[in-house]
Amino acid sequence: MPRISDQDINAVRAKADIVDVISRYLQVQRKGKSYVALCPFHDDHSPSMSISPDRQIYKCFVCGAGGNVFTFVQNYEKVSFTEAVAQVANIVGYPLSLENDLPSKPEDPHKKAMYKVMEEMIRYTIYALNTNEAVLEKQYLEDRGLNDQIRAKFEIGYNPPNDALYHFLKAKGYKESDMVDCNVVRTGPRGINDVFSGRITFPIHDQHGNPIGFSARSIDPNNPSKYINTTDTELFRKSDIVYNYHRAKSQARKEGCVYVTEGVTDVIAFAKAGIDNCVCTLGTSCTDHQIQLLKSLAPKVVFCYDGDDAGQKATWRAAKMALGKNCRVTVIDNQSGKDPDEIVRNQGADGLKAMIRKELTWMEFVLMFLQKHTNMDNYSERREFVRRAEAEISLLEDELDRQHFTDELSRISGFKLNYQPKATRQEHTTVLPSAKVPDGFAEAEDIILAMMLASPEAARRYSDRLGYLTDKTKHTASMMIIDAYRTKGRAEPSVLIDETDNEDIKQLFVRLATHWACSIPYEEKILDGAIRKVLIQAKTTQADAFRQALQGPLSSENREIILNQYQECLMDLRRYIDEDNKQD
Ligand SMILES: [Zn+2]
């Protein structure tokens, strides 16, 4: 992604309204002068995120996440700063100069060449599906309800036999090595062959929408492998892929939930039923990386694996991983033994819609799943069942839930049970806010900075009377504020955030923007009081240092000098303390 000029960044920021942009991702509600929303950066159940249209800042009071409009998009979409600026520019309709246009393609020339091969192959296979060679394949797709529209949406195509793709790409001047690296052709004993020869092709993209691989189906009943996928390449790693991510993104974020299925055809079945926030993991094994991607799509993950035993076992494993990463998890109660694709084919879109209405909470699924795998007539198996279910119940956040499911478990098992106190899920990764109690002095430095942000007069008085802060981060922030007034005549936290790469300073500006001292009219008395507190702290530290020095070995001359400084320091300190007491 090329650099975006500071001028453009400032223009985009000025044009964007943070409430407007965030409300494209989250449901926001007005609350007094500001807005609130469920925080997407932690497992939030009551709106903890506050968005200030005045300050153009958001802040979560539980997990501490905060920043300006770019920070939000950056963290929500998991993209770079530059990509976030481009994204916001897109939302507000600000034209960035052409070479800076969306979306980001990697600079790596080899990868670029590979994407070109993949794109060319997609175009070619779509064309080939509409030729006479693919009459049977096209009919097969039509029979399964994959009409023109769906085929176009998912870029479904056909790779004709006799290495037609290889010859085509070669004629177009693509390098053999790039084709091989993409795993669309491979070197065999008799030269180069198409990998997906005679198969219907379903392109697979990464989360940015770059084409990286294929899933391909043969309709030949004699072919032992119905489906094959691209083998791992530089672009394609099966275990990292969430299929349909780039298409599901906007709907998933709007609805706050994403459906996860087993295969490409299931995702397409959901799309046929008009449900676009559906992805799949290309099989039932789920990796940490995939869970992370799911979480970045939506806080709630709805597992919709096949109804067979393998599918249910996979649900158990994947859902536990997702819970460990603080996703909200529910499971579709699919007792049919059929996959979503079959359901849509047999019962139409309404069949699928009816099924996904049968949404089980995680705990309901746990009880059902464990029960199914337990011989309830066998005492020790029943005991094991209770033990495992109890462990899951103890992880539930809500006390009422823990009570309810304990009763339920008693009823099912016949065991008399007392409900469990809350336990902590081991893989929990929530970042808890640090419980540091601010002492008066740290608070004084915050007050000074907040007032400086609110008023240039405060900044001037700070320069005259104090000119330093003892905390290094805060001192740097103070210099940035003074500099902003000098160069721009204004100091806005939402702008200052983008002028540093230091996370601590960014977070400090977020905190200051929402500090009470930033939203009251400038009051000299308050500022002076805070400055005095800093002076008292500084003089106390200084006095301590002198005292320590005096206890060590010193020449009589030096001792005299330090003793003088020490006494002066104590006098200053006393004066500040007296003034401070008078004010209080
Ligand atoms: Zn939060």
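Residues numbered from 1 in each chain as written. Predicted model: local features only at pLDDT ≥ 70, side-chain atom pairs only at ≥ 80, totals over all residues. Heavy atoms only, no water.

**Things to note about the coordination of the zinc ion**
Around the zinc ion, the protein contributes the donor atoms Cys39 (SG), His42 (ND1), Cys60 (SG) and Cys63 (SG), at 2.0 to 2.3 Å from the metal centre. One can describe the site at the zinc ion as tetrahedral: its four donor atoms subtend angles covering 104 to 115° at the metal. Within one chain, the residues serving as donors to the zinc ion are arranged as C-x2-H-x17-C-x2-C. One end of the pair, Cys39, is in the loop between strand 2 (34-37) and strand 3 (49-52); the other, Cys60, is in strand 4 (residues 57-60), and 21 residues separate them in sequence. Classification of Cys39 as buried rests on a relative accessible area of 4%. (Donors = N, O, S within 2.8 Å, 3.2 Å for Na, K, Ca; no water. Tetrahedral: all angles 85-135°; square planar, octahedral: opposite > 155°, others 65-115°. Helix = DSSP H or I, 4+ residues; strand = E, 2+ residues; numbered from the N terminus. Buried < 20%, exposed > 50% of the residue type's maximum accessible area, 1.4 Å probe, protein only.)

**Here we look at the pattern of salt bridges**
One pass over the full model with this rule turns up 32 salt bridges. Two residues, Asp446 and Lys474, come together in a salt bridge whose shortest N-O distance is 3.0 Å. You can see Asp446 sitting in helix 18 (residues 440-454) and its partner Lys474 sitting in helix 20 (residues 472-488), a full 28 residues away along the chain. For Asp446, a relative accessible area of 6% corresponds to the buried category. A salt bridge links Arg486 to Asp483, with the nearest nitrogen and oxygen atoms 2.2 Å apart. Of the two residues, Arg486 and Asp483 both sit in helix 20, three residues apart, roughly one turn of that helix. (Salt bridge = Lys/Arg side-chain N within 4 Å of Asp/Glu carboxyl O.)

**Points about the sheet that holds strand 5 (residues 66-67)**
With respect to topology, five strands assemble into an open sheet ordered 1-2-3-4-5, the strand pairing being antiparallel. What marks the edges here is a single partner per strand, and that holds for strand 1 (28-31) and strand 5. Bridging between strand 2 and strand 3 involves three bridges; their strand directions are antiparallel. Residue pairing in the sheet places Tyr35 in a bridge with Ile51 of strand 3. In the packing of helix 3 (residues 69-77) onto the sheet, contacts are made with strand 3, strand 4 and strand 5, and the angle to strand 4 comes to roughly 50°. Helix 22 (residues 503-513) rests against strand 4 and strand 5 of the sheet, and its axis sits at about 95° to strand 4. (Pairing = 2+ DSSP bridges. Contact = heavy atoms within 4.5 Å. Axes fitted to C-alpha atoms, helices over the stretch in contact; angles between N-to-C directions.)

**Some points on the nonpolar core**
Membership of the largest hydrophobic core comes to 59 residues, with the highest contact counts inside it found for Ile156, Val184, Tyr243, Tyr259 and Ile268. Sort the elements by how many residues they give to this core and helix 5 (residues 109-129) lands first, with eight residues. Contacts of Ile156, omitting those with residues within four sequence positions, involve Ile126, Leu129, Leu141, Leu146, Ile150, Arg151, Ile200, Thr201, Phe202, Pro203 and Ile268. Val279, Leu360, Leu367 and Leu370 belong to the second-largest nonpolar core, a separate cluster that totals 43 residues. (Core = buried A, V, L, I, M, F, W, Y, C linked by side-chain atoms within 4.5 Å.)

**Re the environment of Val85**
In this fold, Val85 is placed in helix 4 (residues 81-92). Between the C-alpha atom of Val85 and that of Asn10, which follows or precedes it by 75 residues, the distance is 9.8 Å. Setting aside its immediate chain neighbours within four residues, Val85 contacts Ile4, Ile9, Val12 and Phe70.

**Let's talk about the packing of aromatic side chains**
Counted by the stated rule, this structure contains 18 aromatic pairs. Here the aromatic cluster, defined as three or more aromatic residues joined through ring pairs, consists of Tyr25, Phe41, Tyr58, Phe72 and Tyr76. (Phe/Tyr/Trp six-rings, centres within 6.5 Å; stacked < 30°, edge-to-face > 60°.)

**Notes on unusual backbone geometry**
Phi is mostly negative for residues that are not glycine, and the peptide bonds are mostly trans. Phi is positive for Asp163, which is not a glycine, with a value near 55°. As for its position among the elements, Asp163 is in the loop between strand 6 (157-159) and helix 8 (164-171).

**So, the confidence of the model for the protein chain**
For the protein chain, mean pLDDT is 88; residues scoring 70 or higher make up 94% of the total. Within the model, the stretch residues 426-438 combines pLDDT values under 50 with 10 contacts to residues more than four positions away or in other chains. (pLDDT = per-residue confidence, 0-100.)

**Here's the deal with helix 20**
With 17 residues, helix 20 should reach 24 Å at 1.5 Å per residue; the first-to-last C-alpha distance of 24 Å fits that figure. Three or more residues of helix 20 are buried, namely Lys474, Ala477, Ser478, Met480, Ile481, Ala484 and Tyr485. Considered in projection along helix 20, the buried side chains sweep an arc of 160° and stay on one side of the axis. Across from the buried face of helix 20, at angles greater than 90 degrees, the exposed residues are Lys472 and Arg486. Each element contacted by the buried residues of helix 20 is listed here: helix 18, helix 19 (456-465), helix 21 (493-496) and helix 22. Capping of helix 20 at its N-terminal end is provided by Asp471; its side-chain oxygen lies 3.0 Å from the backbone amide nitrogen of Thr473. (Expected span 1.5 Å × (residues − 1). Arc of directions from axis to C-beta. Polar contact = N/O pair within 3.5 Å; in protein donor to acceptor, adjacent residues only side chain to side chain.)

**Details of the pairing of strand 14 (residues 300-303)**
Across the two faces of strand 14 the burial is the same, with Lys300 and Val302 and Val301 and Phe303 all buried. Sheet topology note: the strand 12 (residues 257-261)/strand 14 ladder contains four bridges and is parallel. Directly across from Val260, in strand 14, lies its bridge partner Phe303. By the bridge criterion, four bridges tie strand 14 to strand 15 (residues 328-332) in an arrangement that is parallel. Directly across from Val301, in strand 15, lies its bridge partner Val329. Viewed along the sheet, the connection from strand 14 through helix 13 (residues 309-324) into strand 15 turns out right-handed. (Right-handed = clockwise from strand over helix to strand, strands pointing away.)

**Side note on the environment of Gln251**
Its location among the elements puts Gln251 in helix 10 (residues 245-255). Setting aside residues up to four positions removed in sequence, Gln251 forms contacts with Asp276 and Asn277.

**A short note on the packing of helix 18 against helix 19**
At a minimum axis distance of 5 Å, the contact between helix 18 and helix 19 shows a crossing angle of 130°. When the axes of helix 18 and helix 19 are compared, the pair comes out oblique. Across the interface between the two elements, Ile448, Met451, Met452 and Ala454 of helix 18 pack against Pro456, Ala458, Ala459 and Tyr462 of helix 19. Among the residues making up the contact of helix 18 with helix 19, the classes are represented as eight nonpolar, no polar and no charged. (Parallel < 35°, antiparallel > 145°, perpendicular 65-115°, else oblique. Nonpolar A, V, L, I, M, F, W, Y, C, P; charged D, E, K, R; others polar.)

**A look at helix 13**
Given a rise of 1.5 Å per residue, 16 residues ought to cover 22 Å, and the 23 Å separating the end C-alpha atoms of helix 13 matches this to within 8%. Within the span of helix 13, buried status applies to Gly311, Gln312, Ala314, Thr315, Trp316, Ala318, Ala319, Ala322, Leu323 and Gly324. Packed against the buried residues of helix 13 are helix 12 (288-297), strand 14, strand 15, helix 15 (362-372) and helix 16 (379-393).

**A closer look at a negative patch on the surface**
On the surface, Asp471, Asp501, Glu503 and Asp504 cluster together into a patch of negative charge. Along the chain, Asp501 falls in the loop between helix 21 and helix 22. (Patch = residues over 30% accessible without salt bridge, like charges linked within 9 Å, V, L, I, M, F, W, Y side chains within 5 Å. Areas by Shrake-Rupley, 256 points an atom, 1.4 Å probe, with all protein chains shown as cover. Lys, Arg positive; Asp, Glu negative; His and termini not counted. Charge placed at Lys NZ, Arg CZ, Asp CG, Glu CD.)

**Here we look at the sheet that holds strand 11 (residues 227-229)**
Overall, antiparallel pairing links the four strands, which are arranged 6-9-10-11 in an open sheet. Edge positions in the sheet fall to strand 6 and strand 11, since each has one partner strand and no second. On average, each strand axis in the sheet is tilted by 35° relative to the strand beside it, whichever way the strands run. Bridge analysis of strand 6 against strand 9 (residues 199-205) gives three bridges, and the strand direction is antiparallel. Each residue of the ladder has a partner; that of Asn159, found in strand 9, is Arg199.

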